Structure formats: C-alpha cells, structure tokens
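# An overview of the molecular structure
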Amino acid sequence: MLRATLRSFLAHKGRLLLSALAVVLSVAFVAGSLIFSDTVTRTFDRLFASTSADVTVEPKEDLDAYVPTGAVSTVPAALAERVARVDGAASAHADVGVENITVVNSENESVGPTTGAPTIAADWHVTDRSPVELTSGRAPRGAGEALLDADTADKKDVEIGDALTVMAQPGSFEVEIVGIATFRTTNPGAALVFLDPQVAATRLLGSADRATSISVDAAEGVTDAELKRRVADVIGSAPYDVRTADEQAKSAAESLGGFLDVIKYVMLGFAGIAVLVGVFLIVNTFSMLIAQRTRELGLLRALGADRRQVRRSVLTEAVLLGLVGSTLGLAAGIALAAGLIRLMSAFGMNLKTTEMAVGWTTPVAAYVVGVGVTFVAAYLPARRAATVSPMAALADADVAGVGRPLKVRAAVGAVVGALGAAALAGCVSASETASAASLLGVGVVLTLVATVVAGPLLVRPVIRVLGAAFPALFGSVGRMSQRNALRNPRRTGATAAALMVGIALVGGMSVASASMSESFDQQIDKTLGADFVIQNTNFTPFSQEVTDRVRATDGVGVVVRQRFAPVAVRLPDGERVETTAGGYDDQVDAVAHVTYAQGDTAAALADGALGMDVDFARDHGVRIGSALPVGFPGGRTVPLRVGALTDQDAAEGPGMRGGLFLGLATVEEYVPGGQDSVLYVNAGPGTNADDLRPRLERALEPYPQVQVRDQADYKELVHDQIAVLLYLVYALLGLAIVIAVLGVVNTLALSVVERTREIGLLRAIGLARRQLRRMIRLESVVIAVFGAVLGLVLGLVWGVCTQQVLALQGMKALAIPWGTIVAVVVGSAVVGVVAALLPALRASRMNVLAAIAHE
C-alpha cells in the first residue's frame, strides 16, 4: 500500500501542483512573519542591551500618555552629582534627549523621517555604549553647533557646514552641522541631532538645571542590581524609576513590541486567509482525484485492501503534499522575510539580512500549518475513498456524491446558520461595545460556516438565475455551461466558497469603512465651526512660536488652542479610568458646536471643573457637581468638579474614553511645559476665509510640518486614515482571489480530465474548439459570480452589524458603497474568465479520437 501510495502521488503530482501552491502561500506568510519579527526583536535586543547604562534614573511614568502633550518629564541635573557619590558608582551623567522637536534645512524642508520614527535631539556624550560614533568632522562646541547622524545626512543631502533650524519646546534656534555620526548598530529609523552638553539642556529643556535621565556606571566588582539598590536608597521616595541595564532594555523592547505585533498580526492575517481559502482548494482537489480514481481504489479493495488502508493511503498523499508545500513555503517565507527586511531598510530601519533569525519555532510552525492544513482538508475525501466497494473496479462509479441527497448539509447548515443569525441579532441589540463585538465575532464565524456547509444547496436555485440568460445569448453552449455548473453542487459550492470568503471580507469592511467615513463627515459638519484647523502632519504638538505667528496673522479673529493631558479618574462606582482629557480656551463655543445635556461651556472650563460625556457619566454614577479625584502625570491628584455633561454622539478615539475636557488653564497648571496640539481659527470681522488661508500658509512657511486645513481638508484627512485599513483589506482580498483563481483553475482542469470522453464526443458531433472554450469560460464565470453573490450577501450583513457596533462608539451613520459592490461583481466575472483560460485551451487542444477512447 505504501508503494502504491507513493506511485499514485507521483502520478498525480501535476494535478496536485496548484493545491501545493496554496500550502506554500500559507506557510510562507506564517514563516515570514515569525522570521521577520524574531530578526527585528533580536536586533533591537542587542541594540538596547549594548546602549543601556548599568543603572538609569528616569522620571516615573505613572500614566499612559495616549496623546503626546509636548511636555518633557525631567529630573534635576544636580541629581547626577548625588548619585555619583553613591558607593559603587564609577560615574554618573545627566542626559538630555527629547523627541518633541522638528528640524528643517535652509529651504524649510523637514530633515526628519517621514515614516513615523522620531526626530531626537540629545547632548553629545561619548561612552562605550553610545549608539553612534563620530566619523567625520568634529564634536559640537558651544551654542550654534551640532552633529547629525549619517543616515539622515545621506537621505536629506546634508553636509558639514550646512545650517539647520531646530524647533524645540523652548523655541527655535539655528545650528551649523560640524560633524557626522554613524550608527554602530542598527539605525531604528530615527533622525539624531547632537548638541554640546553644556547647551543642550538650555536649548531643549529651557533650563540648564534639568535632565531627562541620569546614567550611572557601576564600579568594577559591583553588580547592576546592587548599584540599583544603593541608588534607590539615596533617591528615597522621589518620583523616579531606577532600572538596571537589563530592565531598561526590556522596557525599551516592550515599547517596540506594539510595532512588531502590528506587523506580525497583519502577516498572520494573510496566512489565515491563505489557509482558509486553501482548505477549499485542497478539499476540492482530493474529492475530484478520488472520484477519478474510483476504479483504481475499487481494484485495491478487490485485491485485499481494507477501508482503513485506503483511507490511510489518501491521507498519506495529503501528508506528502503538506511536507512538500511546507518545505517550499518555509523557503519562500525566508525570502519574504528578507524582502521585508530590505523594505524596512528603504524606510530607514537598517536591518541586515545576514543577521536573520530563524528560531526552532519557525520550521515547527511551518510544518504544523502546512501538514495540518492538508491533512484536515483531505480527511473528508479520504473517508469517502474508504467507502469505495470492490465492485467499483468493474463500473464507472462516482464517490463524489453527485446524486446523494444534501439532507445532512441542510440540517447542519440550518442549525449553524440559526445560531449565527441569533448572534448577529444579539450584536445589533447589544448596548455594550465589548459584548456587541464578541457577538459579532461569533456571528461572523457561524454564518460563514453555515454558508460553506449549505452552499451546495444554493447552487441550483442561484445558478439557474445567474445563468438564465446563457441559453438565449450563447445557445446550446450557454445551456451546457450552466448544466455543467449544476452537475455537481458540492464541487461548485466548494469552488465558489474560496472566492466567497475574500469577497465577504471586503464587502463587510467596505460597509464598515464607508459608514465610519460618513459618520465622521456628519460629526465634522455638526461639531466643527472653525474656518481652519491647524495641526502637525503627525499630530504631535508644536511650539509656542506657531501659535504666536497664527495670532499675529492679519485677518485672524478667534484662535482657540487645544492641548491634551493624560489623566486617571477615580469614579463613584470605584473604577479607575486612565484616559486623555482635552484642554481648551474659553472661546471654544466660537469654533465648535457643543451639545450639552446639562451645564454649559463656561461651567466645564471653569477653574477646578471639567466636562464629561453624559453616557459615560450615567454608566459610572457621575452627576453634575460630583467631585472626582483626577490624577495627572507626576503623581499629583486633585479633586475636580463636574461642571457640564455633553451629548455629542461623537466617536471616541484611542485613549479618549469618557469625553473629558478641561479649561486650558487647568491643563497648564497640572501639566506644565505642554504644547498646543491643535489651533481652531476663525477669520476676523471683514475678512473672508478664502483670503485668510494664503496668509496663514505664508505665516507658517518656516514650519513645514504644520498644516492649515479647512473642513473639506479635515474630512479628507479622516478618509485617508480610514483608507489605510481598507487597503489592508483589499490586500487580503487580493490574496484570497489569487488562491480562489487557483481553485477555479484546478477545478476546471480536473473537470476537463474527468470529462475527457464527454468532450471528445461533443467535438465528434460538431462542437467547434471556440465553442468548447466558450463553454468552459461561461462555466467558470457563473461559478465565480455565484461565489461573489454569496460573499456580498454575507459581507453586507456583516458590514451592517459592524456598523451597529461602531454606533455604540458614536459612529451612527450607515453607508453602503454600491460602487464597490458593482465593481466586485464585474471583477468576479473577469476572474472567472481569467481562471478558465488555461483549462479551456487545454480542452480545445484534445485529440478527438484519443478523448473518445479515454478510460
């Protein structure tokens, strides 16, 4: 049986090729994501471990700052002298390093990265742990001189002697580049500017008495842990974090972990789609191969093979396919990881393919996925193969179950579908976001399973409708193509299901994203009353100079500043909520339309007061006049009175839970040194908004990172952000379509082999080659459009339910992107045509006599 299995596998390797390709794609994404994330993790672990001081003293971060405030947490620079006197400390240095800066060249072009990585300014302090070394020029001396990292200098064409402007929180200043520093290890993608240590604190922090951290080197024979304990004893109860080199490296790695997780989960999402769609392809392939080998399997039974041996034989073929696909997929995954590493280098993160990390978990995961997928997908066809009787060797039997009733599928599909529909109905009626999202996930999975299970039941009624015009348009060829698609509902359903998954995904996400865009448009129209919104392109705060220039612009009327503050609120029900509060100037009513359930703007922005969303307040037992303990960065907690409750129906962003807002004076008091994040500007009396915009843009020319947007621009900005998510979904759809096309090609190719004799007879009675090709193309088109219709119905239901979940977060508008739906249906027909090209060509080239004589 083993020899027979191996011979059978080698005999059908061509027919298994496309199934193997689906396995290769699945494994490649799994392996590539693991290799890439392991490589980045190991590279940065080495970077953090080699650059961290033995002990580091930093300000305690007791709140998660969801939104940058512009304020820099500092420690007294004099603390370095105290720490240096600790027994076991060889030396201590007051470090200065900030990220809230912008650097521009003489043409007002930003010198910083455009990939989201920070621009960092620091003092030039050379140690064995420095991430860079001076490779040309000299070190900066005094004010007005600086170093620049080599990668940034190369990308932005900056040379020694060039002048740059650094925009920091205390103010802007010019520097001359006197040297270039090159990274010793991996460049994380940031731009680095180094200043003279004697002037860095003054220029970057506003005072020579401040530092952002204290680095302590241990004396010989003193461990990091022991030095940390001694330093902590000296510091006492001061609000500082004391970390060893290992702890500092671990903390830095954790902050990087979120970025790595995004990449890993995106790639695993691609792998999941490839696995899911590949399962349909493999099931179909093995089902058709077994149907074509009915006589062969019957002969094996007649020669003495029992059912278990036949089933084991088919599963062995599946395992062999999985092993081959996994091996090729692992190699493809390594290539994919290498491509990602090079892509990251193009974005400024200079990883090296020579340092690629391939841990033992990667090949294990690759083979578990590859072999597991093929084994599971082939199990049902293998069970069918085991039911072949010895008498099948004497007849042209078909175990594919063309004529078998679909009662079991109908019952299972109905039960699972009812459970899925109930879950989706519960999602729509839920009042809590968490429970609604959970029910949505359960409903999506169950309805998908139900559609796949019951798909063959829908083949005949739906395809009769979709192909109703074929006989009138294409005559007997159209009628035969429709009947071919109806001949085996199980096969047609499984082939269409592969395409259905991708289209259901894109349909659901298209509805969700269109609804999000429409909701934000409505909210902007409803709430934003300012003529212009001024903010940084990367949404970080800007210096006071920007605000001053805007106010000094001719024709400007009301200017309302917005700042953010991370806060921790202790609510009456005992819950402690960490969130981000917005701070506004008193004239906010002039630039925004705020709907209040109780109170007004003046009460919310008064000293010692705050405003809050009415639903959030109701959920936690908060009322007008309630005094809430509010914690600010640095461990300071003050009681603030609830002065107003808003009823905005506005969406809450990440970290913006509760809709908290304060007077700007309160934010400035408890988050000193903060910067404005947004300016809302109205044209003054007698000035047209269209005339004011060019004036504002001219005033802000020295600040290329700052953008002037009107309401239309603001809407476009929101749409672009939502589109990023949609592009990912389209990429997933593209992958699903690629594998679905492989499935249609495979099904048609095997169907052509299965119908060789039939095709020969049709050719013998006068069917032309062109008609034969058309028949196969029409069959492919109707199968693809059938999958698209099922996918769109599922996707629309999922999208509407997703919108109901979003409505709980304030996004209440429902929008159906009909243009996308029409494009998907048309595209599916094109997919059907493309998938049929090779099988149709192969069928038309058959020798008529050989086809008639085919067994």
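Conventions adopted
Residues numbered from 1 in each chain as written. Predicted model: local features only at pLDDT ≥ 70, side-chain atom pairs only at ≥ 80, totals over all residues. Heavy atoms only, no water. Helix = DSSP H or I, 4+ residues; strand = E, 2+ residues; numbered from the N terminus. Buried < 20%, exposed > 50% of the residue type's maximum accessible area, 1.4 Å probe, protein only. Areas by Shrake-Rupley, 256 points an atom, 1.4 Å probe, with all protein chains shown as cover. Lys, Arg positive; Asp, Glu negative; His and termini not counted. Charge placed at Lys NZ, Arg CZ, Asp CG, Glu CD. Pairing = 2+ DSSP bridges. Axes fitted to C-alpha atoms, helices over the stretch in contact; angles between N-to-C directions. Contact = heavy atoms within 4.5 Å. Phe/Tyr/Trp six-rings, centres within 6.5 Å; stacked < 30°, edge-to-face > 60°. Disulfide = S-S within 2.5 Å. Salt bridge = Lys/Arg side-chain N within 4 Å of Asp/Glu carboxyl O. Arc of directions from axis to C-beta. Polar contact = N/O pair within 3.5 Å; in protein donor to acceptor, adjacent residues only side chain to side chain. 1 Å grid on protein atoms, 1.4 Å probe; cavity = no way out; pocket = protein on both sides within 12 Å on 5 of 7 lines; lining within 4 Å. Points joined across faces, edges and corners; volume = space filled by probe spheres on them. Nonpolar A, V, L, I, M, F, W, Y, C, P; charged D, E, K, R; others polar. Core = buried A, V, L, I, M, F, W, Y, C linked by side-chain atoms within 4.5 Å.

## Comments concerning the overall build of the chain
The secondary structure content of the chain amounts to 24 helices and 24 strands. Viewed in the frame of its principal axes, the chain has a C-alpha envelope of about 95 × 65 × 55 Å. Across the 855 residues in the chain, those meeting the buried criterion constitute 50%. Approximately 37200 Å² of the chain is accessible, and the part contributed by carbon and sulfur atoms is 57%. Charge centroids of the chain, computed over 72 positive and 80 negative side chains, lie 21 Å from each other.

## Some remarks on the sheet that holds strand 1 (residues 55-59)
The antiparallel open sheet is built from 4 strands, whose spatial order is 3-13-1-14. Every interior strand has two partners, whereas the edge strands, strand 3 (89-95) and strand 14 (240-244), have only one. Adjacent strand axes in the sheet meet at a mean angle of 20°, parallel and antiparallel pairs treated alike. Relative to strand 14, strand 1 is paired through 5 bridges, and the arrangement is antiparallel. Among the inter-strand pairings, proline 59 is bridged to a residue of strand 14, identified as tyrosine 240. Running at roughly 165° to strand 14, helix 6 (residues 224-235) makes contact with strand 1, strand 3, strand 13 (213-218) and strand 14 of the sheet.

## Examining the packing of aromatic side chains
Counted by the stated rule, this structure contains 3 aromatic pairs. Measuring from centroid to centroid gives 5.9 Å for phenylalanine 470 and phenylalanine 474, while their planes differ by 80°, and the two rings are edge-to-face. In this pair, phenylalanine 470 and phenylalanine 474 both sit in helix 13 (residues 470-487), 4 residues apart, roughly one turn of the helix.

## Points about the state of the cysteines
Applying the stated criterion across every chain, the model contains 0 disulfides. In this structure cysteine 427 is not part of a disulfide, and its nearest cysteine sulfur, from cysteine 801, lies 5.2 Å away. According to the relative accessible area criterion, cysteine 427 is buried, its value standing at 1%.

## Considering the pattern of salt bridges
Enumeration according to the criterion identifies 24 salt bridges in this entry. As a salt-bridge pair, arginine 243 and aspartate 241 come within 3.7 Å of each other at their nearest N and O atoms. For aspartate 525, the salt bridge is made with lysine 715, and the minimal N-O distance between the two is 2.7 Å. Note that aspartate 525 is positioned in helix 14 (residues 489-527) and lysine 715 in helix 20 (residues 711-754), a separation of 190 residues in sequence.

## Looking at unusual backbone geometry
For residues other than glycine, phi is negative in most cases, and the peptide bonds are mostly trans. In this structure, asparagine 108 takes a positive phi of about 60° despite not being glycine. By the element assignment, asparagine 108 lies in the loop between strand 5 (102-104) and strand 6 (119-123). One non-glycine residue, aspartate 157, adopts positive backbone phi at about 55°. Structurally, aspartate 157 can be placed in the loop between helix 4 (150-156) and strand 9 (163-168).

## Section: helix 19 (residues 689-699)
All of the buried residues along helix 19 are Leu692, Arg693, Leu696 and Ala699. Considered in projection along helix 19, the buried side chains sweep an arc of 130° and stay on one side of the axis. Across helix 19 from its buried face, at more than 90 degrees, point the exposed residues Asp690 and Arg698. Where helix 19 begins, the side chain of asparagine 688 points an oxygen toward the backbone nitrogen of aspartate 690, at a separation of 2.7 Å.

## Considerations on the layout of surface pockets
The volume enclosed by the second largest pocket comes to roughly 940 Å³. If you trace the second largest pocket, you find 32 residues lining it, with Val283, Leu380, Arg384, Arg409 and Arg490 closest to the centre. No other element matches the 7 residues that helix 7 (residues 245-292) contributes to the lining of the second largest pocket. Looking at side-chain class alone, the lining of the second largest pocket contains 20 nonpolar, 5 polar and 7 charged residues.

## Section: the nonpolar core
Judged by nonpolar contacts, the single largest core of 88 residues is most densely connected at Phe36 and Ile776. With 15 residues, helix 22 (residues 769-807) is the single largest residue contributor to this core. Beyond its immediate chain neighbours, meaning those up to four positions away, phenylalanine 36 contacts Ile263, Ala337, Leu340, Ile341, Met344 and Leu351. The next biggest cluster of nonpolar side chains, apart from the first, holds 27 residues, and it includes Ile290, Leu297, Leu321 and Ala377.

## Side note on empty space enclosed by the protein
Under the counting rule described, the total for this entry stands at 3 cavities of 30 Å³ or more. Empty space within the largest cavity amounts to approximately 100 Å³. Surrounding the largest cavity, 13 residues form its lining, Asn484, Arg491, Thr492, Ser751 and Glu779 being those nearest its centre. Mapped by element, the contributors of at least two residues to the lining of the largest cavity are helix 13, helix 14, helix 20 and helix 22. Here the residues of the lining of the largest cavity are counted per class, giving 3 nonpolar, 6 polar and 4 charged.

## Describing the environment of glycine 743
Here glycine 743 shows up in helix 20. Here glycine 743 falls in the buried class, since its relative accessible area comes to 7%. With residues up to four places along the chain from it excluded, the contact list for glycine 743 reads Leu281 and Thr495.

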